[in-house]
Amino acid sequence: CIGGIMGNAIVLLTSILMWSQDVAFLVGSANVVFFGAASGGFVPFPSIPDWIVWVQWISPIKYSFQAFTWCLLSETPTTALLEMLELDTPSSLGSNVVILIGIFVVCATGSVIALSRQREVR
């Protein structure tokens, strides 16, 4: 649920900031690919090259995926898998949710500011 709201906030901000719908769609699609690749779901963090691994910290998909895997694997015999795949930072469900809410607030605030600066067209 929070991941969906976060995605909507990113789409809204992208569509406001871009000068055409075509460019907004292109940038939005690139964001999804970029953030998805850095989420740790497709390529484990230990396998991501050092020069690009920083992207994980700004990827909302990473925090959604990590919260999901944390719910599934914590307090089970497979908890070691979280450490092996480096899905243990931040190390709790609550921390991931708070970060997602923080990213949402930043995107929503950016959208409000961008909309307030646009001229009204009639």
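Residues numbered from 1 in each chain as written. Predicted model: local features only at pLDDT ≥ 70, side-chain atom pairs only at ≥ 80, totals over all residues. Heavy atoms only, no water.

Draft legend 1. Here's a closer look at helix α2 (residues 21-37). An ideal rise of 1.5 Å per residue puts 24 Å on 17 residues; α2 measures up with 24 Å between its terminal C-alpha atoms. Buried residues of α2: V23, A24, F35 and G36, and no others. Elements in contact with the buried residues of α2: α1 (2-17) and α3 (60-73). (Helix = DSSP H or I, 4+ residues; strand = E, 2+ residues; numbered from the N terminus. Expected span 1.5 Å × (residues − 1). Buried < 20%, exposed > 50% of the residue type's maximum accessible area, 1.4 Å probe, protein only. Contact = heavy atoms within 4.5 Å.)

Draft legend 2. Looking closely at the nonpolar core. Formed by M6, A9, I10, L13, F35, Y63, L100, I103 and C107, the largest nonpolar core amounts to nine residues. Contributions of two or more residues to this core are made by α1 and α5 (93-117). Discounting residues that sit within four places of it in the chain, A9 has contacts with F104, C107 and S111. Counting residues in each nonpolar core, the second largest holds six residues, with F45, I48, L82 and L87 among its members. (Core = buried A, V, L, I, M, F, W, Y, C linked by side-chain atoms within 4.5 Å.)

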